[in-house]
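Residues per chain, in single letters:
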Amino acid sequence: EKGDFEHYMLKEIFEQPKTIQDTYRGRIKADQKEIVLGGLLDVFPKIVNANRIIIIGCGTSWHAALVAEYLIEEYARIPVEVEYASEFRYRKPIINPGDVVMAISQSGETADTLAALKMAKAQGALILGICNVVGSSIARETDAGVYTHAGTEIGVASTKAFTAQVTVLTLFAFKLAKERGKISQELYEQLIGEMLAIPDKVQTILLSHPNIKKVAEKYKDAINALYLGRGYLFPVALEGALKLKEISYMHAEGYAAGEMKHGPIALVDDNLPVVVVSAKDSYYEKVVSNIQEVKARKGNVIAVVTEDDNGLRNMANDLFEVPESHPAVAALLAVVPLQLFAYYIAVMRGCNVDQPRNLAKSVTVE
Ligand code: F6R
């Protein structure tokens, strides 16, 4: 039921404070000192000793995998590779004993992801799944896994399933880091606390929707849009661009901000909206200089900034403010204004946001 919402997508965006909480509930112990992933208990010793983790998925789920790569490598220090399932299944990847292959899939039915998993299983890897749909084909194929508890997602463009995936993967990375002795109990508890603070912060962002709608009004007739981010916010830039293109049919590309000068900067002119996803993290100064490069070429900068930011906010044409957070959980916040921005633009362009042309909720053909 859509209730008071005009579209399922909007309803699902607004559900995120709850769905994120539903996803970590019962997995963060009451004293907030420990993470327990029941579905992985039996295999966790194997994961702790893994030589490598390969994460596969498609579309938005692949973006969640990229966030996981950065988290696992930074905190748990296990090498991670992220790959499109459609590539992985057809090339001849090397899978060694001691490799863990994890599939991420909202529907649990994506044909490429399922086939890639079967192939990895046949080669002896431990197979894990992060699925939203309980009892789905991918969930049944895996040795172990963790369900996201986002509830049924009806809008074709994935929103709450993405933040639920990132929530599970973040818990997974923190737990793995702790079990491997790579982080102190103190940092572990701090990171857990950061996760627990996310739902309220998402709520704050949702309350700013009138501003996001106003900005959408300004840019709704653009032909192209560029999304830039670094670090944990690079996958968010990719996801923001995917949301916009799939529901509004506006051409959009996401890029690692440092790649801009290697090509996409040629696109910048006074017609181009450039969405820059930033946070007060170690990349901040670099993002400032990326914005200067865009401004010097008369591009319009829409910046996702944290509340404590006082540099970027003076350079950008438009702002989406998000509460401050630890960089490890920042993707969960930064993506929310981009979901709403895509939504409003699509509605203003008269598009069918819940059922975009040519797309299906679950892609069971290759
Ligand atoms: C984007 C979107 C798709 C899916 C992709 C994978 O909004 O919905 O890109 O993310 O088809 O689907 P699942 O996660 O069901 O395997």
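Bear in mind the structure is a predicted one, so any value in this text is a computation, not a measurement.

So, the site of the ligand
Taken together, 14 residues are adjacent to the ligand, and Ser61, Ser105, Gln106, Thr110 and Glu246 come closest. Within the side chain of Thr110, a nitrogen or oxygen atom sits 2.4 Å from an oxygen atom of the ligand. A total of 400 Å² of accessible area belongs to the ligand in isolation, and the protein chains cover 89% of it. In this structure, the ligand is accommodated by the largest pocket. If you list the elements that add at least two residues to the shell around the ligand, you get α4 (59-76) and α12 (234-248).

Here we look at the UniProt feature "transmembrane region" (unreviewed entry) in the protein chain
In the numbering adopted here, UniProt assigns the feature "transmembrane region" (unreviewed entry) to residues 328-347. Secondary structure across residues 328-347 divides into 90% helix and 0% strand, with the first and last C-alpha atoms of the span separated by 32 Å.

Quick word on empty space enclosed by the protein
For the coordinates displayed, the defined rule picks out 1 cavity of 30 Å³ or more. Considering only enclosed or pocket space, the largest cavity measures out at about 50 Å³ in volume. Along the walls of the largest cavity sit Leu233, Ser278, Ala279, Thr306, Val322, Pro323, Ser325, Ala330, Leu333 and Ala334, which together make up its complete lining. Here the lining of the largest cavity gets 3 residues from one element, more than from any other, and that element is helix α15 (residues 330-348). Counted by class, the lining of the largest cavity contains 7 nonpolar, 3 polar and no charged residues.

A few points about the packing of aromatic side chains
Under the definition given, this model contains 7 aromatic pairs. Centroid distance Phe44 to Phe172: 6.1 Å. Interplanar angle 75°. Geometry classified as edge-to-face. In this pair, Phe44 sits in helix α3 (residues 44-48) while Phe172 sits in helix α8 (residues 160-179), placing the two residues 128 residues apart along the sequence. Take Phe44 and Phe172: they sit in the same class, and that class is buried. The lysine or arginine in question, Lys175, covers the ring of Phe44, its NZ or CZ lying 5.9 Å from the ring centre. Taking NZ or CZ as reference, Lys280 lies 5.2 Å from the ring centre of Tyr284, over its face.

Some remarks on the nonpolar core
With 101 residues, the main nonpolar core has Ile53, Ile72 and Phe341 as its most contacted residues. It is α15 that contributes the most residues to this core, 15 residues altogether. When neighbours within four sequence positions are excluded, Ile72 is seen to be in contact with Ile53, Ile55, Arg77, Ile78, Val80, Phe172, Ala173 and Leu176. By size, the runner-up hydrophobic cluster in this structure holds 20 residues, among which are Ile265, Val274, Val276 and Val288.

Brief notes about the side chain of Ser107
Counting through the fold element by element, Ser107 comes out in the loop between β3 (99-105) and α6 (111-122). If sequence neighbours within four positions are ignored, Ser107 has contacts with Val133, Ser136 and Ser362.

Here's the deal with the packing of helix α10 (residues 198-207) against α15
With their axes 10 Å apart at the nearest point, α10 and α15 run at an angle of 25° to one another. Relative to α15, the element α10 is oriented roughly parallel. Here the hand of the crossing between α10 and α15 comes out right-handed. Residue-level contacts link Ile198, Lys201, Val202, Ile205 and Leu206 of α10 to Leu332, Leu333, Val336, Pro337 and Leu340 of α15. Partitioning the contact of α10 with α15 into residue classes produces 9 nonpolar, no polar and 1 charged.

A word on the pattern of salt bridges
In total, this model carries 19 salt bridges according to the counting rule given. Note that Lys361 and Glu153 form a salt bridge whose closest N and O atoms lie 2.6 Å from each other. One end of the pair, Lys361, is in the segment after α15; the other, Glu153, is in the loop between β5 (144-147) and α8, and 208 residues separate them in sequence. With a relative accessible area of 28%, Lys361 lands in the partly exposed category. Residue Glu217 is joined to Lys220 by a salt bridge in which the shortest nitrogen-to-oxygen separation is 3.2 Å.

The rules behind each value
- Residues numbered from 1 in each chain as written.
- Predicted model: local features only at pLDDT ≥ 70, side-chain atom pairs only at ≥ 80, totals over all residues.
- Heavy atoms only, no water.
- Near = heavy atom within 4 Å.
- Polar contact = N/O pair within 3.5 Å; in protein donor to acceptor, adjacent residues only side chain to side chain.
- Areas by Shrake-Rupley, 256 points an atom, 1.4 Å probe, with all protein chains shown as cover.
- 1 Å grid on protein atoms, 1.4 Å probe; cavity = no way out; pocket = protein on both sides within 12 Å on 5 of 7 lines; lining within 4 Å.
- Sits in = over half its atoms within 2 Å of the grid points.
- Helix = DSSP H or I, 4+ residues; strand = E, 2+ residues; numbered from the N terminus.
- UniProt positions renumbered as here; feature names shortened; annotations may be inferred.
- Points joined across faces, edges and corners; volume = space filled by probe spheres on them.
- Nonpolar A, V, L, I, M, F, W, Y, C, P; charged D, E, K, R; others polar.
- Phe/Tyr/Trp six-rings, centres within 6.5 Å; stacked < 30°, edge-to-face > 60°.
- Buried < 20%, exposed > 50% of the residue type's maximum accessible area, 1.4 Å probe, protein only.
- Lys NZ or Arg CZ within 6 Å of the ring centre and 35° of its normal.
- Core = buried A, V, L, I, M, F, W, Y, C linked by side-chain atoms within 4.5 Å.
- Contact = heavy atoms within 4.5 Å.
- Axes fitted to C-alpha atoms, helices over the stretch in contact; angles between N-to-C directions.
- Parallel < 35°, antiparallel > 145°, perpendicular 65-115°, else oblique.
- Left-handed = near helix turned anticlockwise from the far one by under 90°.
- Salt bridge = Lys/Arg side-chain N within 4 Å of Asp/Glu carboxyl O.

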